[in-house]
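# Descriptive structure summary
The chain contents come next:
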Amino acid sequence: MIKQAIIPLAGLGTRLLPLTSVFAKELLPINGKPGLEYILDECFEAGIKEIIFIISDKKKMIKDYFYNDTFYKKILKKKKDIRILKEYKKILKYKKMIKFVYQNKPLGTGDAVMKTKKHIKSNHFLMLLPDDLIVKNNCSKEMINVHKKHKSSVMASMTVNKKTVSRWGIYKLSKKLSKNNYKIEDVIEKPKIKDAPSNKAVIGRYILPKKIFSEIKDLKPGKGGEIHITDAIQNLIKKNNLFVAHNFKGKYLDCGTLHGYINSTLEISKL
Ligand code: UTP
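Reading guide: rules and limits
Residues numbered from 1 in each chain as written. Predicted model: local features only at pLDDT ≥ 70, side-chain atom pairs only at ≥ 80, totals over all residues. Heavy atoms only, no water. Near = heavy atom within 4 Å. Polar contact = N/O pair within 3.5 Å; in protein donor to acceptor, adjacent residues only side chain to side chain. 1 Å grid on protein atoms, 1.4 Å probe; cavity = no way out; pocket = protein on both sides within 12 Å on 5 of 7 lines; lining within 4 Å. Sits in = over half its atoms within 2 Å of the grid points. Nonpolar A, V, L, I, M, F, W, Y, C, P; charged D, E, K, R; others polar. Phe/Tyr/Trp six-rings, centres within 6.5 Å; stacked < 30°, edge-to-face > 60°. Buried < 20%, exposed > 50% of the residue type's maximum accessible area, 1.4 Å probe, protein only. Helix = DSSP H or I, 4+ residues; strand = E, 2+ residues; numbered from the N terminus. Lys NZ or Arg CZ within 6 Å of the ring centre and 35° of its normal. Core = buried A, V, L, I, M, F, W, Y, C linked by side-chain atoms within 4.5 Å. Contact = heavy atoms within 4.5 Å. Axes fitted to C-alpha atoms, helices over the stretch in contact; angles between N-to-C directions. Parallel < 35°, antiparallel > 145°, perpendicular 65-115°, else oblique. Left-handed = near helix turned anticlockwise from the far one by under 90°. Expected span 1.5 Å × (residues − 1).

## Concerning the site of the ligand
The full set close to the ligand counts 17 residues, and Thr14, Arg15, Lys25, Gln103 and Gly108 are the nearest of them. Lys25 is positioned with one of its side-chain polar atoms (N or O) 2.8 Å from an oxygen atom of the ligand. More than half of the atoms of the ligand fall within 2 Å of the grid points belonging to the largest pocket. Looking at side-chain class alone, the shell around the ligand contains 8 nonpolar, 6 polar and 3 charged residues.

Here's what the structure looks like:
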């Protein structure tokens, strides 16, 4: 059973500057609620019991957001406000589920994942990238079902415009295993258009095996000098570990760019 999730939050968020010069992008409101809470709601509804946040000293405000009990208690003593009480209870619920680990140098997503090693208990765990919101259908829940069915690792997949492949991890897929699920033959981090094996892209939901940690340990820096989780996954696939690409049903919203962030607010307000 998948009961643990990890969420890398230690990146610099340069594409959202100047907002991110003083603020954690994951706390920016999307239709009145921090983007990160949509991710937490998805985890909770998918049956996740423990969530590990990878933050940095610069992103400490994320921890503060969940550890502000005294402030809430003071306000609630003065004001018997039902809305504030509800928000407080929600924050408390998540506080109990979250553990924090630190990655103070953003050396890449693979390095971020490595920081969670000693907390992972079972053979597989879920990873969610908070810039990638998926609404309307719970993608994590779908992926946990795919994991149960195929006893495999799983990654979310979406068709993207061919001209944009160099922004994504791109799959080479082989046979169809079941409806919306394909065996992954290879995955390449941000390929040039001419080298891309398809226009099927990795979206930020992964069910990863515990053995990913020993693979990351041996990785050399890849594209842009970073340690990429995609490179560790590529090595595991080469060693015949089954990874399944799942075409999710929900709507994908990219919150990592200013245009995408603004669009997310518009889209979610229509739901
Ligand atoms: P990105 O590279 O897409 O986002 O990382 P970023 O670094 O935050 O933002 P830009 O590219 O500078 O605008 C994907 C996810 O992985 C986390 C980020 O916080 C983001 O959620 N990440 C990335 C880490 O936790 N550590 C890293 O070293 C790199």
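## Here's the deal with the packing of aromatic side chains
Ring pairs (aromatic) are described by centroid distance and by the angle formed between their planes. If you walk through the whole model with that rule in mind, you get 9 aromatic pairs. When the centroid spacing of 6.2 Å and the interplanar angle of 75° are considered together, the rings of Phe71 and Tyr72 count as edge-to-face. On the accessibility criterion, Phe71 (48% relative accessible area) is partly exposed. Residue Tyr72 is classed as buried on the basis of its relative accessible area, which comes to 17%. Both rings, one in Tyr72 and one in Tyr88, keep their centres 5.2 Å apart while their planes meet at 25°; by these two values the pair is stacked. Of this pair, Tyr72 sits in helix 3 (residues 69-78) while Tyr88 sits in helix 4 (residues 82-97), and the two are 16 residues apart along the sequence. The pair Tyr72 / Tyr88 is uniform in exposure class, with both members buried. An aromatic cluster of at least three residues, connected via ring pairs, comprises Phe53, Tyr65, Phe66, Tyr67 and Phe100. Across the ring face of Tyr67, the terminal group of Lys63 is positioned such that the distance to the ring centre comes to 5.2 Å. Above the ring of Phe44, the side-chain terminus of Lys93 is found at 3.7 Å from the ring centroid.

## Remarks on the nonpolar core
In terms of nonpolar packing, the biggest core is built from 55 residues, with Ile7, Ile51, Phe53, Ile62 and Phe66 touching the most fellow members. Beyond its immediate chain neighbours, meaning those up to four positions away, Ile7 contacts Leu36, Ile39, Leu40, Ile51, Ile52, Phe53, Ile54, Leu128 and Pro130. Counting 29 residues, the second-largest nonpolar core is a separate cluster that includes Ala10, Val101, Tyr171 and Tyr206.

## Let's talk about the packing of helix 3 against helix 4
The interhelical angle for the contact between helix 3 and helix 4, taken along N-to-C directions, is 160°, at an axis separation of 11 Å. As far as their axial angle goes, helix 4 and helix 3 are roughly antiparallel. Between helix 3 and helix 4 lies a crossing of left-handed hand. Contact residues: Asp69, Tyr72, Lys73, Ile75 and Leu76 in helix 3; Ile84, Leu85, Glu87, Tyr88, Ile91, Leu92 and Lys95 in helix 4. Tallied by class, residues from the contact of helix 3 with helix 4 come to 8 nonpolar, no polar and 4 charged.

## Some points on helix 6 (residues 139-150)
Because an α-helix completes one turn every 3.6 residues, residues spaced three or four positions apart along the sequence face the same direction. Counted at 1.5 Å a residue, the expected span for helix 6 with its 12 residues is 16 Å, and the 16 Å between its end C-alpha atoms agrees. Looking at helix 6, one finds that the buried residues are Cys139, Ser140, Glu142, Met143, Ile144, Val146, His147 and His150. Its side-chain oxygen at 3.1 Å from the backbone nitrogen of Ser140, Asn138 defines the N-terminal cap of helix 6. One or two residues past the end of helix 6 sits Lys151, with phi positive at roughly 50°.

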